[in-house]
Structures are given as structure tokens and as C-alpha cells.
Amino acid sequence: MTVERSKNADEENFPVGSQLIAAPLRKHVTAFYDFARTADDIADSPDLPSSEKLQKLNGLEEVLRGRESASPETLCAAKLRLSLLECNVTIDHARDLLKAFRMDASGKKYETFEDLTGYCRYSAAAVGRFMLDLHKESPSAYFSSDALCAALQINNHLQDCKKDYLTLNRVYLPQVWFDEQGLTADALNADRTNEKLRAVFDRAVSAIEGLLTESAPIPMVIRSRGLRMEVCVIYKLAQRLAARLKTQDILAQNVSLRKSDWFIAGLAGVFAGLRRKKLT
């Protein structure tokens, strides 16, 4: 059974391999993105049982590691393997992504915030670390990058919490937060957000804001000007999405970035990247 592509790069919340990235590196970003999207589509497929999802994800890893020849379904892994060899970047980041997608495919639950950030280490931080390694940045930038990537991931989880619950039976918010409010995950299946669920959402936004604070020094530790500007744009977009999630009813409407957000965050991010100072 084939798996249909659910989303393209131009439909993402945050820029994927934008023009700020040096032209010779964009093909490597594209190869990594295509691999990640293929694996994500497998994990999110409503037509595949968990066992088949895991089998397909394992197949991607076997090709990525050069242990099997590529089929049409695993060609993205073969292309990424060649790309990583060419740019001399480890396959570990791609393998970390597969760990996260296996968690998704097996229906893993997240009891605590620490459990959730552990998932983000594989699902989101791996992307940031790949980008840093691609640009030959110092591993000292991992800390700020990991925090920013976790903020982006939880932003997306909060934005899509109702859809994830209804279509995939997944909850990417800590169960203990629901427990403390006397709620179950079924509270996400409502037309509007009640006061207790709002407290859960506010806690998620607060966590996002804390992660953004942790990541604020990132322009100071990235040498590549293009990557630095892209990261700053992403940071500003994350701030603006978190602000919308803080004030709007996530269950009653589709809370998303607007064209004005992209324009304002783009200008502010590029300027911040050029200044190379701590973000605010």
C-alpha cells in the first residue's frame, strides 16, 4: 500500500530551506525534508495498522544505513544517504526522526512534560541539529537549537490538538496537566474551550514561552549569516503563533499564522540575524 503525501514544504508553519540558506546546501535540506515528510506520512497514515507503519519505518532505516537496496517507497532514504555522504553529516539525526515516528506509530502517550520534551528531542531537535551540522556550526549551538525546535513542535501540537485527537487518537499534551484539572483527553472533542481546558492550554503556551527564552541566545552562537537569519525569522514566527494560541479559542477556530505575521516576522528576524544579539 502506498502512502499519500499530506503536506508540502510551502504549507509548513515555518520556512523549510528558504532563500536565506546558501544555494549549494538547499538540495541537502530538500533531501532531509523529503525523508522526514515520507516518514511522517507513514506514521500518520489512517489506512495502515501500527505493525505495518513500523515495518515501513524500519525499511526506511535499512536503506538509509545502506543495508538494503531502495524500492520506490524508500527512494527518499537512498537519496538522503547519498546527500549525507556528500555533505559529510551523520545519519544519526535522520535516525532520531525515525525514533519519533515510531513513537507516533505505536501510539505512545506522554504522561509528563519531561516525556513530551523527550519526544521533541527526536521529532524536532534532530532537524535543528542537522541544519547546524550541515552549516558546520559548533555543537555548542545544540542547546539553544533544541529549545527552539521544542518550542516549534509544541506550538504545532497545541495548534493541532483537536485534529490530532479526533483523526489520530493522539494527545501531545502531558496527561498530568489534564489530570490536575479533572479532565480527560475527550475534553478536546468540544466546540469551545472551557475554563479548565484553557488552563491546560495556557500551561502549554507558558512552556513554549519558556523554551523560547532558553533559545534566545541562538543568534550569538551561529556563525553562518544565512542560517542565523533563518533561525531568527523562525523564532519570531514562533513568538507570533504562541501569542495567537494564548488569546484565541483553539477548539472553536483554526489558529494559524497570517500573511502579516510572515511579513513582520521576516523583517524582524532578518534584522535580528544581522545584529547577532540575543533575541527578545
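Structure report, in brief.

Calculation criteria
Residues numbered from 1 in each chain as written. Predicted model: local features only at pLDDT ≥ 70, side-chain atom pairs only at ≥ 80, totals over all residues. Heavy atoms only, no water. Helix = DSSP H or I, 4+ residues; strand = E, 2+ residues; numbered from the N terminus. Rg over C-alpha atoms; globule rule 2.2 N^0.38 Å. Buried < 20%, exposed > 50% of the residue type's maximum accessible area, 1.4 Å probe, protein only. Contact = heavy atoms within 4.5 Å. Areas by Shrake-Rupley, 256 points an atom, 1.4 Å probe, with all protein chains shown as cover. Axes fitted to C-alpha atoms, helices over the stretch in contact; angles between N-to-C directions. Parallel < 35°, antiparallel > 145°, perpendicular 65-115°, else oblique. Left-handed = near helix turned anticlockwise from the far one by under 90°. Nonpolar A, V, L, I, M, F, W, Y, C, P; charged D, E, K, R; others polar. Phe/Tyr/Trp six-rings, centres within 6.5 Å; stacked < 30°, edge-to-face > 60°. Patch = residues over 30% accessible without salt bridge, like charges linked within 9 Å, V, L, I, M, F, W, Y side chains within 5 Å. Salt bridge = Lys/Arg side-chain N within 4 Å of Asp/Glu carboxyl O. Lys, Arg positive; Asp, Glu negative; His and termini not counted. Charge placed at Lys NZ, Arg CZ, Asp CG, Glu CD. Core = buried A, V, L, I, M, F, W, Y, C linked by side-chain atoms within 4.5 Å.

1. A closer look at the overall build of the protein
In terms of helices and strands, the protein carries 12 helices and zero strands. If you list the helices and strands of the protein from N to C, you get α-α-α-α-α-α-α-α-α-α-α-α. Relative to the 2.2 N^0.38 estimate, which gives 19 Å for 280 residues, the radius of gyration of the protein is 19 Å and therefore close to what a compact globule would have. With the principal axes as the frame, the protein shows a C-alpha extent of 55 × 50 × 30 Å. The buried share of the protein, taken over its 280 residues, is 52%. In the protein, of all internal contacts separated by at least 6 residues, the share reaching a separation of at least 24 is 72%. Only carbon and sulfur atoms are counted for the fraction: they give 51% of the accessible area of the protein, which is about 13300 Å².

2. Examining the packing of helix 11 (residues 225–247) against helix 12 (residues 259–275)
Taken N-terminus to C-terminus, the directions of helix 11 and helix 12 make an angle of 135°; their axes are 7 Å apart at the nearest point. With respect to helix 12, the element helix 11 is oriented oblique. Here helix 11 and helix 12 pass one another in a crossing that is right-handed. For the pair helix 11 and helix 12, contact is made by Arg 225, Arg 228, Met 229, Cys 232, Val 233, Lys 236, Leu 237, Arg 240 and Arg 244 and by Asp 261, Trp 262, Ile 264, Ala 265, Gly 266, Ala 268, Gly 269, Val 270, Ala 272, Gly 273 and Leu 274, respectively. Here the residues of the contact of helix 11 with helix 12 sort into 11 nonpolar, three polar and six charged.

3. A few points about the packing of aromatic side chains
Following the criterion strictly, the structure yields five aromatic pairs and no others. Geometrically, the ring pair formed by Phe 32 and Phe 130 is stacked, given 4.0 Å between the ring centres and 5° between the ring planes. Taken together, the residues span a long stretch of sequence, with Phe 32 in helix 1 (residues 23–44) and Phe 130 in helix 6 (residues 125–134) at a distance of 98 residues. Across the pair, Phe 130 and Phe 32 agree in class, each one buried. Among the aromatic residues, those joined into a ring-pair cluster are Tyr 110, Tyr 119 and Tyr 172.

4. Considerations on the packing of helix 7 (residues 142–159) against helix 11
Interhelical geometry of helix 7 versus helix 11 gives an angle of 35° and a closest axis separation of 10 Å. Seen from above, helix 7 lies across helix 11 with left-handed handedness. Judged by residue contacts, Leu 148, Leu 152, Asn 155, Asn 156, Leu 158 and Gln 159 of helix 7 engage Val 231, Ile 234, Tyr 235, Ala 238, Leu 241, Ala 242 and Leu 245 from helix 11. Looking at the contact of helix 7 with helix 11 residue by residue, the classes come out as 10 nonpolar, three polar and no charged.

5. Some details on a nonpolar patch on the surface
Among the surface-exposed residues, Phe 263, Ile 264 and Leu 267 lie close enough to one another that they form a single nonpolar patch of about 320 Å² accessible area. In this structure Leu 267 comes out as exposed when scored by relative accessible area, which is 53%.

6. Comments concerning helix 6
At 3.6 residues per turn, the α-helix brings residues three or four places apart onto the same side. Counting buried positions along helix 6 yields nine of 10 residues, so the element is predominantly enclosed. Ala 125, Ala 126, Gly 128, Arg 129, Phe 130, Met 131, Leu 132, Asp 133 and Leu 134 are the residues of helix 6 that are buried. Just downstream of helix 6 lies Lys 136, where phi reads positive at about 60°.

7. Here's the deal with a negative patch on the surface
On the surface, Glu 111, Glu 114, Asp 115 and Asp 179 cluster together into a negatively charged patch. Examined against the element boundaries, Glu 114 turns out to sit in helix 5 (residues 113–123).

8. Quick look at the nonpolar core
For soluble globular proteins, the rule of thumb is that nonpolar side chains tend to be buried together. Counting 88 residues, the largest nonpolar core has Phe 35, Leu 60, Leu 158, Leu 197 and Phe 201 as the members making the most contacts within it. With 11 residues, helix 11 is the largest single contributor of residues to this core.

9. Remarks on unusual backbone geometry
For Lys 136, which is not glycine, the phi torsion reads 60° and is therefore positive. Examined against the element boundaries, Lys 136 turns out to sit in the loop between helix 6 and helix 7. Classification of Lys 136 by relative accessible area gives partly exposed; the value is 44%. Phi at Asn 169 is positive, roughly 55°, even though this residue is not glycine.

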